[in-house]
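Now for the letters of each chain:
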Amino acid sequence: AAILEVDQVGKRYGNIIALSGISTSVRAGEVTCVLGDNGAGKSTFIKILAGAHEHSEGVLRIDGEECRLSSPREALEAGVATVYQDLAVVPLMPVWRNFFLGSELTKGRGPLRRLDVAGMKRTTKAELSAMGIDLRDVDQPIGTLSGGERQCVAIARAVYFGARVLILDEPTAALGVKQSGVVLKYIAKARDRGLGVVFITHNPHHAYPVGDRFMLLRRGKSMGDFPKSEMTLDD
Ligand code: ADP
Ligand code: ADP
């Protein structure tokens, strides 16, 4: 069943129609890829789902109930976590500290127990390890990790704090081939943990291997929402 439904959603900035008539469903254990070139409306779509911009038209539903995601806090509380390309991490803070940053916003979804510092460090290490990243030292500043590792920490964190929908903003765009591969594997793990993943990218080669559904955006409109069986990759 769909966790999140996007039904005929549109967004205007003044006279500019950035998005119109966008419909798709985000299902548990599926990766929905949103593909489009510059200016297609990808960032606008992310901001609507992340609660950073209110849509001007249409309806969002979670578990079949209409919802307004009118602030980032509301989106998080509804179980919609967004990992931006330029990650909301504090580079000089240790990995474990970043892992628990903002965790009060997910109250009631994540762990019920309050942890002391040692507990937070242990948990960070264990959660990263469960997702396949073994960090020797969760005390190191997160800024010393590679871009790919930072994306993975952010994804692991969303999983741990009970996100049901994970929105990924160009998670592989700034990465080389090897790092991209690591992040794609991580996306697959989040999917296997039952999250509904929305993977926004301009790169079909990154989307294809992990995607279950593909929505193509062009100039603010959806060119369709296709299952993988209907997609092929040229060259
Ligand atoms: P993408 O992320 O795919 O490059 P955007 O969502 O950023 O696309 O942009 C979609 C369209 O909306 C573009 O024509 C862009 O110029 C316009 N747009 C985006 N944000 C704003 C804004 N805050 N004010 C006015 N126009 C905007
Ligand atoms: P924000 O969420 O802060 O609006 P944006 O990236 O959408 O983030 O826009 C940043 C700033 O640039 C905003 O003030 C927005 O109005 C402006 N902006 C972005 N794209 C356009 C555009 N195509 N035309 C006019 N203004 C834009």
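Our subject is the structure that appears above.
Nothing here was measured: the structure is a model prediction, and the numbers come from that model.

Caption draft 1: The arrangement of the overall build of the protein in detail. Of regular secondary structure, the protein possesses seven helices and ten strands. Since a compact globule built from 235 residues should have a radius of gyration of about 18 Å, the 17 Å found for the protein is in line with a globular shape. With the principal axes as the frame, the protein shows a C-alpha extent of 50 × 40 × 35 Å. Contacts in the protein between residues far apart in sequence, at least 24 positions, make up 69% of those at least 6 positions apart. Split by element, the accessible area of the protein, about 11500 Å² in all, is 49% carbon and sulfur. Positive and negative side-chain charges in the protein, numbering 30 and 27 respectively, have mean positions lying 4 Å apart.

Caption draft 2: Fine view of the site of ligand 1. In the vicinity of ligand 1, the residues found are Tyr13, Ile16, Ala18, Asp37, Asn38, Gly39, Ala40, Gly41, Lys42, Ser43 and Thr44. Lysine 42 is positioned with one of its backbone polar atoms (N or O) 2.8 Å from an oxygen atom of ligand 1. Contributing elements (two or more residues each) for the shell around ligand 1: β2 (16-27) and α1 (42-50). With three residues, α1 is the largest single contributor of residues to the shell around ligand 1. A class-by-class count of the residues in the shell around ligand 1 yields four nonpolar, five polar and two charged.

Caption draft 3: Layout of the sheet that holds strand β10 (residues 221-227). Taking strand neighbours across the sheet as the criterion, the six strands line up as β6-β7-β8-β3-β9-β10 in an open arrangement whose pairing is mixed. Looking at strand neighbours, the two that pair on one side only are β6 (80-83) and β10, the edges of this open sheet. Neighbour-to-neighbour, the strand axes of the sheet open up by a mean angle of 15°, direction not taken into account. Sheet analysis places strand β3 (residues 31-35) next to strand β9 (residues 213-218), joined by four bridges and oriented parallel. Looking at the pairing, cysteine 33 lines up with phenylalanine 214 of β9. Relative to the sheet, α1 contacts β3, β6, β7 (165-169), β8 (196-201) and β9, its axis offset from that of β8 by approximately 150°.

Caption draft 4: Structural detail: the environment of leucine 76. If you trace the backbone, leucine 76 turns up in helix α2 (residues 72-77). Taking C-alpha positions, leucine 76 is 28 Å from proline 227, a pair spaced 151 residues apart along the chain.

Caption draft 5: The packing of aromatic side chains, seen in detail. Applying the stated criterion to the full structure yields seven aromatic pairs. Relative to phenylalanine 161, the ring of phenylalanine 99 has its centre 6.2 Å away and its plane inclined at 45°; by these criteria the two rings are tilted. Linking phenylalanine 99 in helix α3 (residues 95-100) with phenylalanine 161 in the loop between α5 (147-160) and β7, this pair joins segments that are 62 residues apart in sequence. Exposure class is identical for phenylalanine 99 and phenylalanine 161. Each is buried.

Caption draft 6: Broad picture of the side chain of glutamine 151. Along the chain, glutamine 151 turns up in helix α5. When sequence neighbours within four positions are dropped, the list of residues in contact with glutamine 151 reads Val83, Tyr84, Gln85, Leu87, Pro171 and Val183.

Caption draft 7: Broad picture of the pattern of salt bridges. In the structure shown here, the tally under the stated rule is eleven salt bridges. Between arginine 27 and glutamate 30 there is a salt bridge whose closest N-O contact spans 3.7 Å. Put simply, aspartate 192 and arginine 191 hold a salt bridge, and the shortest N to O gap is 3.1 Å. The network of salt bridges with shared partners includes Glu5, Asp7 and Arg61.

Caption draft 8: Representation of the sheet that holds β2 within the structure. Strands sit in the order β2-β1-β4-β5 across an open sheet of four strands; the sheet is antiparallel. Either end of the sheet is taken by a strand with one partner, and the two such strands are β2 and β5 (65-67). Averaged over all adjacent pairs, the angle separating strand axes in this sheet is 30°, with direction ignored. Here strand β1 (residues 2-13) pairs with β2 via eight bridges, running antiparallel. Residue pairing in the sheet places valine 9 in a bridge with isoleucine 22 of β2.

What counts, and at which threshold
Residues numbered from 1 in each chain as written. Chains lettered and ligands numbered in written order. Predicted model: local features only at pLDDT ≥ 70, side-chain atom pairs only at ≥ 80, totals over all residues. Heavy atoms only, no water. Helix = DSSP H or I, 4+ residues; strand = E, 2+ residues; numbered from the N terminus. Rg over C-alpha atoms; globule rule 2.2 N^0.38 Å. Contact = heavy atoms within 4.5 Å. Areas by Shrake-Rupley, 256 points an atom, 1.4 Å probe, with all protein chains shown as cover. Lys, Arg positive; Asp, Glu negative; His and termini not counted. Charge placed at Lys NZ, Arg CZ, Asp CG, Glu CD. Near = heavy atom within 4 Å. Polar contact = N/O pair within 3.5 Å; in protein donor to acceptor, adjacent residues only side chain to side chain. Nonpolar A, V, L, I, M, F, W, Y, C, P; charged D, E, K, R; others polar. Pairing = 2+ DSSP bridges. Axes fitted to C-alpha atoms, helices over the stretch in contact; angles between N-to-C directions. Phe/Tyr/Trp six-rings, centres within 6.5 Å; stacked < 30°, edge-to-face > 60°. Buried < 20%, exposed > 50% of the residue type's maximum accessible area, 1.4 Å probe, protein only. Salt bridge = Lys/Arg side-chain N within 4 Å of Asp/Glu carboxyl O.

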